[in-house]
Structure formats: structure tokens, C-alpha cells
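# Structural characterization, general
Here is how the chains run, residue by residue.
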Amino acid sequence: MTEVRNPVDARVTRAIALVWREAELLDRKDYAAWQELYADDGIYVVPIDRDAEEFDDVLNMVYDDRRMRRLRVNRMTEGYAIAAVDSAVTVRTVSRFTTTSVSDAEVSLRAAQVLVAYKRGTHDLWAADVDYTVRLGPEDTLARKVVRLVNSDDAVPAAGFLL
């Protein structure tokens, strides 16, 4: 992986701002606004194999295109769903950004995410390396988000929130 090291590049700053906005929306459980951050062809993936680069023909915990993101959000926000009822309060930190590619059209980043979820008197910790591809335009959008949990090949309990 070739690293591009210019954190003051305005394109990189825009991409990081979008990633932080996504984290804020997820912690506020504003899933309707969260969906709008994604490009129409954007994907959200939580692979089981941390080293996977292609996700179409392997087993993933989550592999959501636009339709699946909409369905997932509907389950979490409408009617009675175990994912929505008594859902955890979350606080996430996204940091340690490394820029892997930059063009006038896209910025690819790698970051660390630590998510603390609190539910029924218990704190759970989720840690991951996250790859982002941000498509730049009048409205910057997420073209790709891959959440590589540090314990992805262990038994991972169901989460009533998005990573």
C-alpha cells in the first residue's frame, strides 16, 4: 500500500470531515441522514476475513449496497425490531488517518475506530481498522467503507447499531 502523506491537502481534509460526520450521525442514531452520506453505488462492508480485498464471493458479517442499507435502517427504526428496541448508546472515535490515495475525484483513507457501546449497565468495546473511499463532488459521499474488526474471526455478538 502506497501512503500519501499530506494531511493539509484540502481534499483529504474534506474526506476526514465526512468520516467524522458519519461517526456523529451514527452515535446520534440519525440513520436517515447517515444513509444520505453514501453514493448511490456505495458499499458498507464488515468482512470476516480482515485481509479480504474482494467481498462479492466471500462470507461477510455485513455487505450492504444501497438497497440493503435502506432495509437495515428500516429494521432499526421502524416497528418492533430487536436491533432498535433498547439499543445501545454509542460513542466512537475515528483517528489515526492514513491517506492511501488522492485525486480530484476520490480520497482513500485508512483509520482506526474505537467504539464504546453502553447497554443495560455494561460497556462493550469494538475496535477496528476502517478503510474509506470518499468520492469528492458538490456533495462529498462515501463510495466504500470497510470495517475490519480486530476480532472479526472470533464469535462477534450481534450489535444493535452500525459500525
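My aim in this report is to walk through the structure given alongside it, one point at a time. All values derive from a computational prediction rather than experimental measurement.

## A short note on the layout of surface pockets
Taken as a whole, the second largest pocket holds about 180 Å³ of empty space. Taken together, Gln35, Glu36, Tyr38, Ala39, Asp40, Arg66, Arg69, Arg70 and Thr141 make up the full set of residues lining the second largest pocket. Contributions of two or more residues to the lining of the second largest pocket are made by helix 2 (31-36), strand 1 (38-47) and helix 3 (66-77). Looking at the lining of the second largest pocket residue by residue, the class counts come to two nonpolar, two polar and five charged.

## Focus: the packing of aromatic side chains
According to the stated counting rule, one finds three aromatic pairs in the structure shown. Taking 5.2 Å as the distance between ring centres and 70° as the angle between the ring planes, the aromatic pair formed by Trp34 and Tyr38 counts as edge-to-face. We classify Trp34 as buried; its relative accessible area is 1%. By relative accessible area, which is 5% here, Tyr38 ends up buried. When the ring of Trp34 is compared with that of Tyr44, the centres are 5.7 Å apart and the planes differ by 85°; the resulting orientation is edge-to-face.

## Topic: the nonpolar core
Trp34, Tyr44, Leu109, Tyr132, Val147, Phe161 and Leu163 are the most contacted members of the largest nonpolar core, which has 36 residues in total. Listed by contribution, the elements that provide at least two residues to this core are helix 1 (10-27), helix 2, strand 1, helix 3, strand 4 (106-119), strand 5 (122-135) and strand 6 (141-149). Apart from the residues within four sequence positions on either side, Tyr44 is in contact with Trp34, Tyr38, Val62, Tyr63, Asp64, Arg69, Lys145, Val147, Leu162 and Leu163. By size, the runner-up hydrophobic cluster in this structure holds five residues, among which are Ile43, Val45, Phe55 and Val146.

## Thoughts on the pattern of salt bridges
Pairing is possible between side chains that carry opposite charge, provided their charged atoms lie close to one another. Counted according to the given criterion, the structure contains 18 salt bridges. For Asp131, the salt bridge identified is with Arg110, shortest N-O distance 2.8 Å. Taken as a pair, Asp131 in strand 5 and Arg110 in strand 4 lie far apart in primary sequence, 21 residues in all. For the pair Asp131 and Arg110, a shared accessibility class is recorded, and that class is buried. Overlapping salt bridges, with partners in common, bring together Arg50, Glu53, Arg96, Arg110, Asp129, Asp131 and Arg148 in one network.

## Side note on unusual backbone geometry
Unusually for a residue other than glycine, Lys29 sits at a positive phi of about 60°. Here Lys29 shows up in the loop between helix 1 and helix 2. Even without a glycine there, the phi angle at Arg120 is positive, about 50°. Topologically, Arg120 is positioned in the loop between strand 4 and strand 5. Relative accessible area serves as the criterion here: at 64%, Arg120 is assigned to the exposed category.

Rules and cut-offs
- Residues numbered from 1 in each chain as written.
- Predicted model: local features only at pLDDT ≥ 70, side-chain atom pairs only at ≥ 80, totals over all residues.
- Heavy atoms only, no water.
- 1 Å grid on protein atoms, 1.4 Å probe; cavity = no way out; pocket = protein on both sides within 12 Å on 5 of 7 lines; lining within 4 Å.
- Points joined across faces, edges and corners; volume = space filled by probe spheres on them.
- Helix = DSSP H or I, 4+ residues; strand = E, 2+ residues; numbered from the N terminus.
- Nonpolar A, V, L, I, M, F, W, Y, C, P; charged D, E, K, R; others polar.
- Phe/Tyr/Trp six-rings, centres within 6.5 Å; stacked < 30°, edge-to-face > 60°.
- Buried < 20%, exposed > 50% of the residue type's maximum accessible area, 1.4 Å probe, protein only.
- Core = buried A, V, L, I, M, F, W, Y, C linked by side-chain atoms within 4.5 Å.
- Contact = heavy atoms within 4.5 Å.
- Salt bridge = Lys/Arg side-chain N within 4 Å of Asp/Glu carboxyl O.

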